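A closer look at the structure
Residues per chain, in single letters:
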Amino acid sequence: MLLAGQLLFILVTQFHTGGDANDHDSIFSAYAHSGDWKGVHALQFVAVAVLVAGLVVLSGALEISARRPVWAGRVGAALAVVSLGLYGVLQAVDGIGNKQVDHAWLTASDADKSARFASAEAMRWLEWGMSSYHAYAMGFALIALAAALAAVRTGAPRVVAALVAVTGLVYLVEGWVAGTGGFNAVHSVLIVASWLLSLTWMIWLVVITGRASGDRVVAEPAATTA
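Here's what I pulled together on the structure shown here. Since we're looking at a predicted model, the values are computed, not measured.

With that out of the way, let us pick up the overall build of the protein. In terms of regular secondary structure, the protein is built from 7 helices and 0 strands. When the helices and strands of the protein are read in sequence order from the N terminus, they spell out α-α-α-α-α-α-α. Summarising its shape, the C-alpha atoms of the protein cover approximately 85 × 30 × 25 Å along the three principal directions. Every one of the 226 residues in the protein was classed for burial, and the buried ones make up 44%. Sequence-distant contacts, at least 24 apart, represent 80% of the contacts inside the protein between residues at least 6 apart. Of the roughly 11,300 Å² of accessible surface on the protein, a fraction of 69% belongs to carbon and sulfur atoms. Counting 12 positive and 14 negative side-chain charges, the protein places the averaged centre of each group 17 Å from the other.

Our next topic: the packing of helix H5 (residues 113-151) against helix H6 (residues 158-181). The contact between H5 and H6 brings their axes to 7 Å, and the two run at 165°. Overall, the two elements H5 and H6 adopt an arrangement that is roughly antiparallel. The handedness of the crossing between H5 and H6 comes out as left-handed. Taken together, the residues of the contact of H5 with H6 break down into 18 nonpolar, 8 polar and 2 charged.

With that settled, consider the side chain of Thr13. Within the secondary structure layout, Thr13 lies in helix H1 (residues 2-13). The contacts of Thr13, once residues within four sequence positions are left out, are Gln44 and Trp195.

Leu2, Leu55, Met138, Leu142 and Trp201 are the most contacted members of the largest nonpolar core, which has 39 residues in total. Residue assignment for this core shows that the elements contributing at least two residues are H1, helix H3 (37-66), helix H4 (71-106), H5, H6 and helix H7 (185-225). Of the residues forming this core, the biggest block, 9 residues, is contributed by H5. If near-sequence neighbours (up to four positions away) are discounted, Leu142 is found in contact with Leu55, Val164, Thr167, Gly168, Tyr171 and Trp201.

Our next topic: H1. Here H1 spans 17 Å end to end across 12 residues, near enough to the 16 Å set by a 1.5 Å rise per residue. Within H1, the full set of buried residues consists of Leu2, Gly5, Gln6, Phe9, Ile10, Val12 and Thr13.

Rules used in this analysis
- Residues numbered from 1 in each chain as written.
- Predicted model: local features only at pLDDT ≥ 70, side-chain atom pairs only at ≥ 80, totals over all residues.
- Heavy atoms only, no water.
- Helix = DSSP H or I, 4+ residues; strand = E, 2+ residues; numbered from the N terminus.
- Buried < 20%, exposed > 50% of the residue type's maximum accessible area, 1.4 Å probe, protein only.
- Contact = heavy atoms within 4.5 Å.
- Areas by Shrake-Rupley, 256 points an atom, 1.4 Å probe, with all protein chains shown as cover.
- Lys, Arg positive; Asp, Glu negative; His and termini not counted.
- Charge placed at Lys NZ, Arg CZ, Asp CG, Glu CD.
- Axes fitted to C-alpha atoms, helices over the stretch in contact; angles between N-to-C directions.
- Parallel < 35°, antiparallel > 145°, perpendicular 65-115°, else oblique.
- Left-handed = near helix turned anticlockwise from the far one by under 90°.
- Nonpolar A, V, L, I, M, F, W, Y, C, P; charged D, E, K, R; others polar.
- Core = buried A, V, L, I, M, F, W, Y, C linked by side-chain atoms within 4.5 Å.
- Expected span 1.5 Å × (residues − 1).

Below you can see the structure in the form of structure tokens.
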């Protein structure tokens with residue numbers, strides 16, 4: 001679920017209308033003309049929902065492995081759910097609100113242009129805030145889950161937990177940058193970094209899980225024969 005959600009998000013984001021996100025005149029026009037804007041944002045929300053579900057399942061799996069409550073994992077799962085709520089609001093602001101105000105600005109009369117542009121910028125700055133706090137919630141969720149991974153014997157190398165924690169830290173920095181400078185070049189680099197880090201530890205977990213499942217399949221017939 002983690003890997004599927006992350007891959008789906010990366011794939012869908014490739015269809016997101018591009019441009020200099022902080023050049024409001026040009027980017028608002030591009031958004032207003034985008035034909036797949038609302039669909040892309042709806043699919044991004046679906047992808048993040050799948051990813052968050054994977055984080056919640058991971059927390060439960062750690063408790064099954066540990067045979068005891070793992071509070072760091074529970075905190076991480078709760079924060080992941082909070083991040084999904086924030087992301088839902090973010091996508092409503094971006095996928096619907098931005099589209100509407102940008103179209104209204106583009107089609108406004110000359111007398112209304114200035115007021116409509118101010119409304120579009122206000123919506124954009126609201127998006128900055130939602131993006132910032134979504135990234136904070138996801139960052140803290142990943143750090144808590146990294147602590148849970150490090151505390152429970154799962155067969156996964158400690159470096160996996162370290163990669164999850166580093167991904168969380170990247171999200172925290174991403175949240176700060178979005179809140180202070182908007183969607184600038186640094187923010188874009190941080191997004192790509194979080195993608196690469198996430199794919200690394202998610203694929204690693206998939207490989208570890210696959211090997212463990214294979215070992216159980218081999219061991220069970222042997223135990224039955226004995």
